[in-house]
Amino acid sequence: MAISKSAKIEAEIEKVKAKITEQQARLKELEQKKVEAENSEIVDIVRGMSIPLAELPVVLQQIRAGATLGQNVPKSEEVSE
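Residues numbered from 1 in each chain as written. Predicted model: local features only at pLDDT ≥ 70, side-chain atom pairs only at ≥ 80, totals over all residues. Heavy atoms only, no water.

Section: the overall build of the protein chain
Our working rule: Secondary structure is summarised from DSSP: a helix means a run of H or I of at least four residues, a strand means a run of E of at least two, and numbering begins at the N terminus for each. Any residue under 20% of the maximum accessible area for its type is buried, any over 50% is exposed, and the rest in between are partly exposed; the area is computed with a 1.4 Å probe on protein chains only. For the accessible areas, the method is Shrake-Rupley and the probe is 1.4 Å, while residue cover comes only from the protein chains on display.
Scanning the protein chain for helices and strands turns up two helices and zero strands. For the protein chain, the residues scored as buried account for 2% of the 81 residues in total. For the protein chain, the accessible surface area stands at approximately 8100 Å², while carbon and sulfur atoms represent 57% of it.

Regarding the pattern of salt bridges
Put simply, the test is: By salt bridge we mean one thing: a side-chain nitrogen of Lys or Arg within 4 Å of a carboxyl oxygen of Asp or Glu.
Inspection of every chain in the model, using the stated rule, returns three salt bridges. In this structure, Lys-33 engages Glu-29 in a salt bridge whose closest nitrogen and oxygen atoms are separated by 3.5 Å. Within this pair, Lys-33 and its partner Glu-29 are both found in helix H1 (residues 5–48), separated by four residues, close to a single helical turn. Overall, Glu-29 belongs to the partly exposed group, its relative accessible area being 39%.

Digging into unusual backbone geometry
A positive phi is found at Ser-50, a non-glycine position, where the angle reads about 55°. Checked against the element boundaries, Ser-50 lands in the loop between H1 and helix H2 (56–64).

What to know about the environment of Leu-56
Rules: The contact definition used throughout considers only heavy atoms, calling two residues in contact when any of these lie within 4.5 Å.
Note that Leu-56 resides in helix H2. Judged by relative accessible area, Leu-56 falls into the buried class, the value being 16%. Along the primary structure Leu-56 and Val-46 are separated by 10 residues, whereas in three dimensions their C-alpha atoms are 8.5 Å apart. The contacts of Leu-56, once residues within four sequence positions are left out, are Val-46 and Ile-51.

Let's talk about H1
Cut-off, in case you're wondering: By definition here, a helix of n residues has an expected span of 1.5 Å times n minus one.
In a regular helix each residue adds 1.5 Å, so 44 residues correspond to 64 Å; H1 covers 64 Å between its end C-alpha atoms and thus fits that length. Looking at the residues trailing H1, positive phi occurs at Ser-50, about 55°.

Re a nonpolar patch on the surface
Here is the rule we go by: Residues forming no salt bridge and having over 30% relative accessible area are the ones grouped into patches, like charges within 9 Å of each other and nonpolar side chains (Val, Leu, Ile, Met, Phe, Trp, Tyr) within 5 Å.
There is a patch of nonpolar side chains on the surface, built from Ile-45, Met-49, Leu-60 and Ile-63 and spanning about 350 Å² of accessible area. Tracing the backbone through its elements, the reader meets Ile-63 in helix H2.

Below you can see the structure in the form of structure tokens.
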């Protein structure tokens, strides 16, 4: 007995659903790897700043508030001729 047209379509639907599920799992895995990589980058940046752990929350609050870090260099005044 030949397979009906609707049965072939149903089989194709199941294949596509399986591929979608596989790709969703891959997407979730990649998103997790991205978060881990970003977290690693953040840790590297913070460690490179040589800020004591006790001072880190204060520094982060200053950054959030818009304070500048490092030296403040005044803008040079333009000389009009």
